[in-house]
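Structure assessment
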Amino acid sequence: MANELDYLMWRGDIPFSAMPLCEVDALIFSHLCYIDFGGIVPQTPSGEGITLAEAARAYLHLHRGEPAYIGAIVPVQIFSLLAKATKTVRFGQVRLLMYVNDVHEGDQRQFSALTLLLDDGTVFVAYRGTDDTLIGWKENFNMSFMHPVPAQTRAVAYVEEVAAARKGSLILGGHSKGGNLAVYAAVMASPSVRERIVRAYNHDGPGFTVDFLASEAYRSMRHKLCTLIPQSSVVGLLLEHEEEYEVVKSTQTGLWQHDAFSWEVMGCSFVRVGAITEDSRLIDKTLKSWLSEVPTEEREAFVDAVYETLVATNAATLTDLNNDKRKLVKAWGALDSDSRAVVMRVLRTLFKQGTKNVLEKNKRKS
C-alpha cells in the first residue's frame, strides 16, 4: 500500500502556494528533522537559510556520498525520503533554518528541532523524536514522574525564538517524542505566539499529565491539536490524552506500527480506521493501571536504577548497548541490592497488572 514516499510522487509537483500543508506533509517534515544537519543548516532563525536541496547535497558531500548512521530505532527510509523530496517542486526549495541538536547528560535532556519556511509564507517547526542516545530514553521515562522534562521547556523557548524572528502562520509537528514536544510548545507558548499557531501535529507521541490536560492553556489550544496514532499504538497512548486522537491504518503489526513509514496514505491524508485494536487497548489499560499503582517516588527510583545499569556498561547509545549485551548482564550484577529490589518490585507490579487484564479479557470472550 502507498505511504509518504508515494505521496511525493503524487503531490511533489504542487507547491505549497497552490496546495496548503496537509497532515502527510507534516509527517514528512517531522521525519526530515531526524537527519543530522549540524554544520549545514544555520543555527539562527534569521536570514534566508538554505534550501532542502542544497542541504541534501551538502549532507552527502560531508558524509562522502553515504548517509551517516543515525541509530538502531530510526527508520532507514528517512534517507530515501530526503533524496526523493529534494527532487520535487513542493519540497526541494523549502528553506531550512535554526537546526538545533542539544543532548546534555547533566540535565538529562535530548532536544533537536528544525525550522522550515514554505513558499506560501508558513513557518513549520519540526521537533525530533527520541534518538539513539541513552539520555534521550532516560528523559522519555522521566515523563512518568517529572513535569516538565527539560526538552519540553526547551521546545517552548525554541518556538518563541522562531516566532520573534519570522512572520507568518506557525505550524508545529513531530513524530514520537517530537509530537509530544510540538503539543507542549503550542500550549505553553506566549498568548501572542499561540494566536499565530494554526496546527500542532502529534504523530504517535506520548500524552501528558492530568494537571497539564486540565490547564486552561491546554483547553484553549485543544481545537488546534491533531493527534494521529496507528491502530496498534503503544507509544501514542502512553500517559494521558484529552484531545480526540485519530486512528490510521498501518501495514505493520504491534509496536512496529510506530514506524510511520508503515502508515497508509490516500491522496493528502492517512487512511483512517475505526478504532485501536483490542491488544492496544489491553496494553494501554495495563500501563495506566501499573503507573497508578506505583508511587511517583518509586517510579523515579525505578527509572534511575535502570539507567544506572545501562550507563555502567559505558554505552552512550542503544547501538553501543546492542553491540555487547554481555556488559549489560555484568552491569546488572554490579547494581546495589536496594536498586535491584526496586526494579524487580516495579516489574512484578507490571506483570501482575498484565496478567489480571489478560484474564479479564479471556473471561469476557468465554
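Throughout what follows, the structure given in this document is the object of discussion. (Residues numbered from 1 in each chain as written. Predicted model: local features only at pLDDT ≥ 70, side-chain atom pairs only at ≥ 80, totals over all residues. Heavy atoms only, no water.)

The next point concerns the overall build of the protein chain. For the protein chain, the count of helices and strands is 16 helices and 10 strands. Principal axes of the C-alpha set define a box for the protein chain whose edges measure 60 × 45 × 40 Å. Within the protein chain, the fraction of its 366 residues that count as buried is 53%. Pairs at least 24 apart in sequence give 74% of the contacts found in the protein chain among residues at least 6 apart. Carbon and sulfur atoms provide 55% of the accessible area of the protein chain, an area that totals close to 16600 Å². (Helix = DSSP H or I, 4+ residues; strand = E, 2+ residues; numbered from the N terminus. Buried < 20%, exposed > 50% of the residue type's maximum accessible area, 1.4 Å probe, protein only. Contact = heavy atoms within 4.5 Å. Areas by Shrake-Rupley, 256 points an atom, 1.4 Å probe, with all protein chains shown as cover.)

The next subject is the state of the cysteines. Enumeration over the complete set of coordinates arrives at zero disulfides. No disulfide involves Cys 226; its sulfur sits 11 Å from that of Cys 22, the nearest cysteine. Between Cys 268, a cysteine without a disulfide, and Cys 22, which holds the nearest cysteine sulfur, the sulfur-to-sulfur distance is 4.6 Å. (Disulfide = S-S within 2.5 Å.)

What follows is about the environment of Leu 181. Relative to the elements of secondary structure, Leu 181 occurs in helix 8 (residues 177-188). Between the C-alpha atom of Leu 181 and that of Pro 20, which follows or precedes it by 161 residues, the distance is 23 Å. Once residues lying within four places of it in the same chain are set aside, the contact partners of Leu 181 are Phe 111, Tyr 127, Arg 128, Ala 151, Gln 152 and Ala 155.

Once that is clear, we can look at helix 3 (residues 52-62). Among the residues making up helix 3, those that are buried are Leu 52, Ala 53, Ala 55, Ala 56 and Tyr 59. Angularly, the buried residues of helix 3 cover 160° about the axis, an arc narrow enough to put them on a single face. Of the exposed residues in helix 3, those oriented more than 90 degrees away from the buried face are Arg 57, His 61 and Leu 62. Looking at the buried side of helix 3, the elements it contacts are helix 2 (23-32), strand 1 (50-51), helix 4 (77-85), helix 5 (89-92) and strand 2 (95-104). Arg 64 sits one or two residues past helix 3 and shows a positive phi near 55°. (Arc of directions from axis to C-beta.)

Okay, the nonpolar core next. Residues Phe 29 and Leu 96 are the most contacted members of the largest nonpolar core, which totals 49 residues. At the level of elements, helix 1 (4-11), helix 2, helix 3, helix 4, strand 2, strand 3 (109-117), strand 4 (123-127) and strand 7 (225-230) are the ones that each hand at least two residues to this core. Broken down by element, this core gets its largest block of residues, six residues, from helix 2. Apart from the residues within four sequence positions on either side, Phe 29 is in contact with Phe 16, Leu 21, Phe 91, Val 94, Leu 116, Leu 118, Phe 124 and Ala 126. With 35 residues, the next largest nonpolar core counts Ala 163, Leu 172, Tyr 184 and Met 221 among its residues. (Core = buried A, V, L, I, M, F, W, Y, C linked by side-chain atoms within 4.5 Å.)

Time to look at helix 6 (residues 134-142). Most of helix 6 sits out of view: seven of its nine residues are buried. Among the residues of helix 6, those classed as buried are Leu 134, Ile 135, Gly 136, Lys 138, Glu 139, Asn 140 and Asn 142. Packed against the buried residues of helix 6 are strand 2, strand 3, helix 7 (150-165), helix 8, helix 13 (296-311) and helix 14 (318-323).

Structurally, Ser 232 is set in the loop between strand 7 and strand 8 (245-248). Setting aside chain neighbours within four positions, we find Ser 232 in contact with Gly 254, Gln 257, Thr 277 and Ser 280.

This part takes up the pairing of strand 4. Extensive coverage of strand 4 is indicated by the burial of five of its five residues. Burial of the side chains of strand 4 extends over both faces: Val 123, Val 125 and Tyr 127 are buried on one face and Phe 124 and Ala 126 on the other. Pairing between strand 3 and strand 4: five bridges, direction antiparallel. Pairing of Leu 116 across the sheet is with Phe 124, part of strand 4. Hairpin remark: strand 3 followed by strand 4, antiparallel, with five residues in the connecting loop; positive phi at Gly 121, about 95°. Taken together, the five bridges between strand 4 and strand 5 (residues 170-175) define a ladder with parallel strand orientation. Looking across to strand 5, one finds that Tyr 127 is bridged to Gly 174. (Pairing = 2+ DSSP bridges.)

So yeah, pure geometry; function would need other evidence.
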